[in-house]
Amino acid sequence: MPSIPEPSMETLALLGGVPLVKEPPAPYRSMGVAERDAVLKVMDSDCISGFYGSPGDKFLGGKMVREFEDAWCERIGSKFAVSVNSATSGLIAAVGAAGAGPGDEVIVPPYTMSATVVAPLFYGAIPVFADIEEETFCLDPAAVQKAITPRTKIIIAVNLFGHPAQLAALRKIADDAGLILIEDSAQAPLGSEGGRKCGTVGHMGVFSLNYHKHIHTGEGGIVTTDNPELAKRLQLIRNHGENVVESWNMDDITNLVGLNFRMSEISAAIGIEQLKNIDVHVTRREDIANKLSDAVSGLKGLTAPVVRTGCRHNYYCWTMRYDEDLLGVKRSTFSQALTAEGFPHGAGYVRPLYRLPLFQQRKAIGGDGWPFSLGDYRYDDVACPVTERMYNKEVILFEPCVFDLDAEGAEVMGDAIIKVHRNLAALREWEKIQSHD
Ligand SMILES: *Cc1c(COP(=O)(O)O)cnc(C)c1O
């Protein structure tokens, strides 16, 4: 093994030196022989999907789908698992199953993937934004408490980047106020709080199996719940429920106008194999993240991701916080220097979602204006200062999920951060010159 040169001895690549990361990291491939064999078996069976959208035996899907759902319950620890064709579908199904209707308010964080916050719109419900905590970037229970009104029906907490939100606290708030807590656990399989896995503390948990997540089926999702009534409603929304409510003798048929959110047998067969290896897929991301956190620990002005006591962080993203005042260099400059060193990363994560045109212009579904009464709710004066600060100034993130890095590869990435940090004085000079140009 060639030893890595002492980072401080090198000129920054941004200033004409040699990039520390010689080769862009290869993408992570999680598909193996087992997945391929499982797919071929399904092909040979000639049953590519086992679903029918009418009452009867096939309403709940084929053999692989049911097997996958059972395995998911077993591994994640929920009573029911309802597979769907994406987490986006899963969120829509969960909001519908919770009984949201026109004018109902759904409390959401603004710092997440957009699917979290648009799901309520399909039922005419109103997303209400509450701020996040600076340590974990997840919903702040105090902000949630403040956002509750007589019209609030649902809280959607996101276990962002793989770290649990304050799930027990949020569940208590929900229970005390008679609300439903949905966990968006798309990024958090095997994440946990106090020994309880993400996706099992809320009334429902939604997981993603898209290509970028820890384990995947190309596209896909799963909704977990312990409540048989919610499970039934999820199954109906997944598969043309309007055809089935009569034969199931349902009284409350609200929101059971079904869709086609069904998972194919091929996807389920892949999912079964991926789930068998979930520990491998998750721990390798944790290993990469721990290397990066080691690199950053002790560097003034950079804060490694915090793991709250009793929690497991699965590091869908490894997210450090940048202190511009302490470092005396703009985050954008530091980020440019990291890019030049070959460290692939993002600055800021997503723009706070209330700034999306659909919220600012109050135009979503149903043409001009809102489909149903939005009351006086406006999005131009949403106050989420922590989210704004994370987006504008503090967050720098790396996606362990995307890359195939061994221990040495992860160490080189960490060294790239160290190298840039040791050259802050040179960066300050460079910034000055840039601003004179
Ligand atoms: C990926 C993701 C989704 C959407 O997942 P799909 O399966 O692509 O629909 C929703 N929420 C969060 C937080 C995500 O990261």
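Bear in mind the structure is a predicted one, so any value in this text is a computation, not a measurement. (Residues numbered from 1 in each chain as written. Predicted model: local features only at pLDDT ≥ 70, side-chain atom pairs only at ≥ 80, totals over all residues. Heavy atoms only, no water.)

Let's shift gears to the site of the ligand. Close to the ligand lie 14 residues; T88, D184, Q187, S208 and K213 are nearest. Note that an oxygen atom of the ligand is positioned 2.8 Å from one of the backbone N or O atoms of A87. Protein chains shield 93% of the accessible area of the ligand, which is 380 Å² for the free molecule. Spatially, the ligand is embedded in the second largest pocket. (Near = heavy atom within 4 Å. Polar contact = N/O pair within 3.5 Å; in protein donor to acceptor, adjacent residues only side chain to side chain. Areas by Shrake-Rupley, 256 points an atom, 1.4 Å probe, with all protein chains shown as cover. 1 Å grid on protein atoms, 1.4 Å probe; cavity = no way out; pocket = protein on both sides within 12 Å on 5 of 7 lines; lining within 4 Å. Sits in = over half its atoms within 2 Å of the grid points.)

If you walk across this open sheet you meet the 3 strands as β8-β7-β12, and the pairing is antiparallel. Two strands close off the open sheet at either side, each with one partner strand: β8 (196-197) and β12 (311-312). The pairing of strand β7 (residues 192-193) with β8 spans 2 bridges and is antiparallel. Bridged to S192 within β8 is K197. (Pairing = 2+ DSSP bridges. Helix = DSSP H or I, 4+ residues; strand = E, 2+ residues; numbered from the N terminus.)

Let us look at the side chain of E133. Here E133 shows up in the loop between β4 (126-129) and α5 (141-147). Although E133 is buried, it makes no salt bridge; R308 carries the closest opposite charge, 4.9 Å away. Side chain to side chain, E133 and Q166 meet in a polar contact 2.7 Å long. Not counting residues up to four positions away in its chain, the partners in contact with E133 are C138, L139, D140, P141, Q166 and V386. (Buried < 20%, exposed > 50% of the residue type's maximum accessible area, 1.4 Å probe, protein only. Lys, Arg positive; Asp, Glu negative; His and termini not counted. Salt bridge = Lys/Arg side-chain N within 4 Å of Asp/Glu carboxyl O. Contact = heavy atoms within 4.5 Å.)

Right, let's talk about a nonpolar patch on the surface for a bit. The grouping of L40, M43 and I48 at the surface amounts to a nonpolar patch, some 250 Å² of accessible area in total. The class of L40 is partly exposed, set by a relative accessible area of 45%. (Patch = residues over 30% accessible without salt bridge, like charges linked within 9 Å, V, L, I, M, F, W, Y side chains within 5 Å.)

The subject of this paragraph is the pattern of salt bridges. Inspection of the entire model under this criterion finds 21 salt bridges. Measuring nitrogen to oxygen at the nearest pair gives 2.9 Å for the salt bridge that ties E134 to R389. In this pair, E134 is assigned in the loop between β4 and α5 and R389 in helix α13 (residues 385-394), connecting sequence segments 255 residues apart. A single network of salt bridges, built from pairs that share partners, joins E134, R321, R389 and E394.

Turning our eyes to something else, we now look at the domain arrangement of the protein chain. Here the domain parsing of the protein chain yields domain 1 (12-29 + 278-350 + 388-436) and domain 2 (33-277). Computed over C-alpha atoms only, the centres of domain 1 and domain 2 are separated by 32 Å. Roughly 2,800 Å² is buried in total at the junction of domain 1 and domain 2, and carbon and sulfur atoms are behind 55% of that figure. Area buried by domain 1 at its contact with domain 2 is led by I278, R308 and Y316, which between them contribute 28% of it. (Domains from an automatic or database assignment. Buried area = accessible area lost by both parts, 1.4 Å probe.)

Here the focus is the packing of helix α1 (residues 33-45) against helix α8 (residues 265-276). At a minimum axis distance of 9 Å, the contact between α1 and α8 shows a crossing angle of 150°. Comparing their axes, α8 and α1 come out roughly antiparallel. In the packing of α1 onto α8, the handedness of the crossing is right-handed. Judged by residue contacts, A34, E35, A38, V39, V42 and M43 of α1 engage E265, I266, A269, I270, E273 and Q274 from α8. Considering only residue class, the contact of α1 with α8 consists of 8 nonpolar, 1 polar and 3 charged. (Axes fitted to C-alpha atoms, helices over the stretch in contact; angles between N-to-C directions. Parallel < 35°, antiparallel > 145°, perpendicular 65-115°, else oblique. Left-handed = near helix turned anticlockwise from the far one by under 90°. Nonpolar A, V, L, I, M, F, W, Y, C, P; charged D, E, K, R; others polar.)

Under the defined criterion, the tally for this structure stands at 15 aromatic pairs. Here F68 and W72 contribute two aromatic rings whose centre-to-centre distance is 5.9 Å and whose plane-to-plane angle is 85°, an arrangement assigned as edge-to-face. One end of the pair, F68, and the other, W72, are both in helix α2 (residues 63-77), 4 residues apart, so they sit about a helical turn from each other. With a relative accessible area of 1%, W72 lands in the buried category. Look at Y111 and F161: their rings are 6.5 Å apart centre to centre, the planes differ by 80°, and that puts the pair in the edge-to-face class. One end of the pair, Y111, is in the loop between β3 (105-108) and α4 (115-118); the other, F161, is in the loop between β5 (152-158) and α6 (167-177), and 50 residues separate them in sequence. Members of the aromatic cluster, each reached through a chain of ring pairs, are Y111, F137, F161 and Y349. A cation over an aromatic ring shows up here: R284 above the ring of Y28, its NZ or CZ 3.7 Å from the ring centre. (Phe/Tyr/Trp six-rings, centres within 6.5 Å; stacked < 30°, edge-to-face > 60°. Lys NZ or Arg CZ within 6 Å of the ring centre and 35° of its normal.)

As enumerated under the stated definition, the model contains 4 cavities of 30 Å³ or more in all. By volume, the second largest cavity amounts to about 40 Å³. Lining the second largest cavity, in full, are E135, T136, F137, L160, F161, H163, P305, V306 and H313. When residues are assigned to domains, the lining of the second largest cavity turns out to be shared by domain 1 (12-29 + 278-350 + 388-436) and domain 2 (33-277), each giving three or more. (Points joined across faces, edges and corners; volume = space filled by probe spheres on them.)

Let us now look at the packing of α2 against α8. Here α2 crosses α8 at 30°, and the two axes come no closer than 8 Å. One finds that α2 runs roughly parallel with respect to α8. Crossing hand, α2 versus α8: left-handed. Contact with α2, carried on its side by K63, M64, V65, E67, F68, A71, W72 and R75, involves E265, A268, A269, G271, I272 and L275 of α8 and no other residues of that element. Split by residue class, the contact of α2 with α8 holds 9 nonpolar, 1 polar and 4 charged.

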